[in-house]
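Okay, here's what each chain looks like letter by letter:
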Amino acid sequence: MINDFAAAAQATMAYLRRRLGLQLWMVTRTEGDDWIVLYTDEAAAKDTDSAFRYDIAPGQSFRWTDTFCARMVLGHGPGIAPSTQEVEAYAQAPLAERLPAGAYVGVPLRRSDGSLFGTLCGLDPQAQPDAIRDELDTVTLMGELLSRILGSELDAGTASRHADRADADATRDPLTGLVNRRGWDLLVQREEERCSRYGHSACVVSLDLDDLQFTNDTQGKAAGDSMLVRAARALEGVTRGTDTVARMGGDEFAMLMVECDYFDAQSLLVRVQEALAAADVRAALGMALRKPGYDLEETFAMADAEMSRAKRSKKVLN
């Protein structure tokens, strides 16, 4: 029995392609307004009469509201459309200009709490016989089974994140109690594996305290240590148990928020600024969102560059 989501997705797509005959099958993830391709199965050129190739690669993303799947999920179109031109919602889908589809098949994939994760869908450049409508129960069943495996893995992933943090306890900064650079690298690496597998979004924040050296020089190291601890508690206070706050060294901190979209990230940034102000800590901040095509290490580099620009701007103003 296949109980691994990635393997189950590939087996499901291969089975449906053989059974229904559509050229391209995909397992996708919705994230905000992004429709992200996680896995694909496309018929080889020798296995199809069509000269057209979709050549869709995992990691590609499209605008969710432009897709056939968005219309299917909203109930504006059927799960199986032998001819998309006969379904107004599909015929008018903007994505049809980029992914020509004479026929469409799609069912939602849901998390264990019932919320939408993404879709299992198939496309073919040519319209198909009306008889494929009879396969809706089969496609729906395959989607439900895949959703069940997905839900179990995502639930296990939450427990795994807590275990990761337990592993990182050996890499704690003795002053603030936060994970240090080594612990950060460990947790980022493991979270990147989940992001790659499930298309999770994530937000990374880089912070650099403004006044630590000045405080150490004028008020003593104890005052500087107090500032570091206040900053650590403020940052921890605005995060969830699955997120990570790290002291990277000196006056530098970093934050990793998992499954965090653009709107979550903007809200977080406001909370961070308010928490630091309440703790009487000034800092330069940079934030970046992990997007398809960028891993978390690259995302952190972008956040760090944004923080450096903010720090330089402060110096110019001063």
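Please read all numbers here as calculations on a predicted model, not as lab measurements.

Chemist: Break down the overall build of the protein chain for me, with residues and values.
Modeler: When you go through the protein chain residue by residue, the secondary structure sums to 9 helices and 10 strands. In terms of overall dimensions, the protein chain has a C-alpha envelope of 80 × 45 × 35 Å along the principal axes. Each of the 318 residues in the protein chain was classed as buried or not, and the buried ones make up 50%. Taking all contacts inside the protein chain whose residues are at least 6 apart in sequence as the whole, residues at least 24 apart take part in 64%.

Chemist: Break down the sheet that holds strand S6 (residues 116-124) for me, with residues and values.
Modeler: Across the sheet, 6 strands lie side by side as S3-S2-S1-S6-S5-S4; this open sheet has antiparallel pairing. The outermost strands of the open sheet, each flanked by one partner alone, are strand S3 (61-63) and strand S4 (80-81). Of the strand pairs in this sheet, S4 and strand S5 (residues 103-110) are connected by 2 bridges, and their pairing is antiparallel. Bridging across to S5, alanine 81 finds its partner in tyrosine 104. Along the sheet, helix H1 (residues 5-20) contacts strand S1 (24-31), strand S2 (34-42), S5 and S6; its crossing angle with S2, the most-contacted strand, is approximately 65°.

Chemist: How would you explain the environment of glycine 106 if you had to name every residue and give the values?
Modeler: Structurally, glycine 106 can be placed in strand S5. For glycine 106, a relative accessible area of 1% puts it in the buried group. Sequence separation between glycine 106 and cysteine 121 is 15 residues; the distance between their C-alpha atoms is 4.0 Å.

Chemist: Before we move on, can you summarise the environment of histidine 200 with the specific residues and values?
Modeler: With respect to the helices, strands and loops of the structure, histidine 200 is situated in the loop between helix H5 (181-198) and strand S7 (202-209). For histidine 200, a relative accessible area of 3% puts it in the buried group. Through-space distance from the C-alpha of histidine 200 to that of threonine 30 is 9.3 Å; in sequence the pair is 170 residues apart. For histidine 200, the side chain forms a polar contact with the side chain of arginine 29, separated by 2.9 Å.

Chemist: Please provide a residue-by-residue account of the sheet that holds strand S10 (residues 283-289), values included.
Modeler: Reading across from one edge, S8-S9-S7-S10 is the order of the 4 strands in this open sheet, with antiparallel pairing throughout. In the strand order of this sheet, the two ends are held by strand S8 (244-249) and S10, each with one partner. When the angles between neighbouring strand axes are averaged without regard to direction, this sheet yields 20°. Pairing geometry for S8 and strand S9 (residues 252-258), over 5 bridges, is antiparallel. Within S9, the position partnered with threonine 244 by the bridge is leucine 256.

Chemist: Would you mind going over the nonpolar core in detail, with residue names and values included?
Modeler: Burial of nonpolar side chains together is a common tendency in soluble globular proteins. Residues Leu207, Phe253, Met255, Val272 and Leu276 are the most contacted members of the largest nonpolar core, which totals 29 residues. Looking at this core, the elements with two or more residues in it are S7, helix H7 (221-237), S9, helix H8 (262-278) and S10. Beyond its immediate sequence surroundings of up to four residues, leucine 207 is in contact with Leu235, Asp251, Glu252, Phe253, Ala254, Met255, Val272, Leu276, Ala284, Leu285 and Met307. One finds Ala9, Leu20, Leu22 and Tyr39 within the second-largest nonpolar core, a separate group that totals 26 residues.

Chemist: I'd like to hear about H7, residue by residue, with values.
Modeler: Between its terminal C-alpha atoms H7 stretches 24 Å, which fits the 24 Å expected from 17 residues at 1.5 Å a residue. Looking at H7, one finds that the buried residues are Gly224, Met227, Leu228, Ala231, Ala232, Ala234 and Leu235. Along the axis of H7, the buried positions cluster into a sector of 165°, meaning they face one direction only. In H7, the exposed positions that point more than 90 degrees away from the buried face belong to Ala222 and Gly237. At its buried positions, H7 is contacted by S7, helix H6 (212-219), S8, S9 and H8.

Chemist: Give me the lowdown on the pairing of S9, citing residues and values where you can.
Modeler: Counting buried positions along S9 yields 6 of 7 residues, so the element is predominantly enclosed. Summarising the sheet, S7 and S9 pair through 7 bridges and their orientation is antiparallel. Each bridged residue has a counterpart across the sheet, and for aspartate 208 the counterpart in S9 is glutamate 252. Taking the residues that link successive antiparallel strands as the turn, the S8-S9 hairpin has 2 residues, and the phi of glycine 250 there is positive, at about 60°.

Chemist: Outline the packing of H7 against H8, supporting the account with residue identities and numerical values.
Modeler: Orientation of H7 relative to H8, taken along the N-to-C sense of each, is 145°, at an axis distance of 9 Å. Both H7 and H8 take part in a crossing whose hand is right-handed. Of H8, the residues touching H7 (which contributes Ala231, Ala234 and Leu235) are Val272, Ala275 and Leu276. Partitioned by chemical class, the residues of the contact of H7 with H8 number 6 nonpolar, no polar and no charged.

What counts and how
- Residues take numbers from 1 onward in each chain, read along the sequence in its written order.
- Confidence filtering applies because this is a predicted model: local features only for residues at pLDDT of at least 70, side-chain atom pairs given and counted only at 80 or more, and all residues used for totals across whole chains, interfaces and linings.
- Hydrogens and water molecules were not included; the side-chain quantities draw on all heavy atoms of the structure.
- To qualify as a helix, a DSSP run of H or I must reach at least 4 residues; to qualify as a strand, a run of E must reach at least 2; elements of each kind are numbered from the N terminus.
- Residue burial is assigned from relative accessible area. The probe radius is 1.4 Å, only protein chains are included, and a residue is buried under 20% of its type maximum, exposed over 50%, and partly exposed in between.
- By the convention used here, residues are in contact when the closest approach between their heavy atoms is within 4.5 Å.
- One bridge is not enough; two strands pair if DSSP finds at least two bridges between them.
- Only the contacting stretch of a helix is used when fitting its axis, a line to C-alpha atoms as for every element, and angles between N-to-C directions run 0 to 180 degrees.
- In protein, a polar contact means a hydrogen-donor-capable atom and an acceptor-capable atom, both N or O and within 3.5 Å, with residues adjacent in sequence counting only if both atoms are side-chain atoms; elsewhere, any N or O pair within 3.5 Å suffices.
- We define a nonpolar core as any set of buried Ala, Val, Leu, Ile, Met, Phe, Trp, Tyr and Cys residues linked to one another through side-chain atoms lying within 4.5 Å.
- Helix span, expected: 1.5 Å multiplied by one less than the number of residues in the helix.
- As used here, the arc is the angular range of directions from the helix axis to the C-beta atoms.
- Definitions for this section: a left-handed crossing has its near helix turned counterclockwise from the far helix by less than a right angle. A right-handed crossing has that turn clockwise.
- Ten residues, namely Ala, Val, Leu, Ile, Met, Phe, Trp, Tyr, Cys and Pro, are considered nonpolar, four, namely Asp, Glu, Lys and Arg, are considered charged, and the remaining ones, Gly among them, are considered polar.

Purely spatial values, then, with no claim about function.
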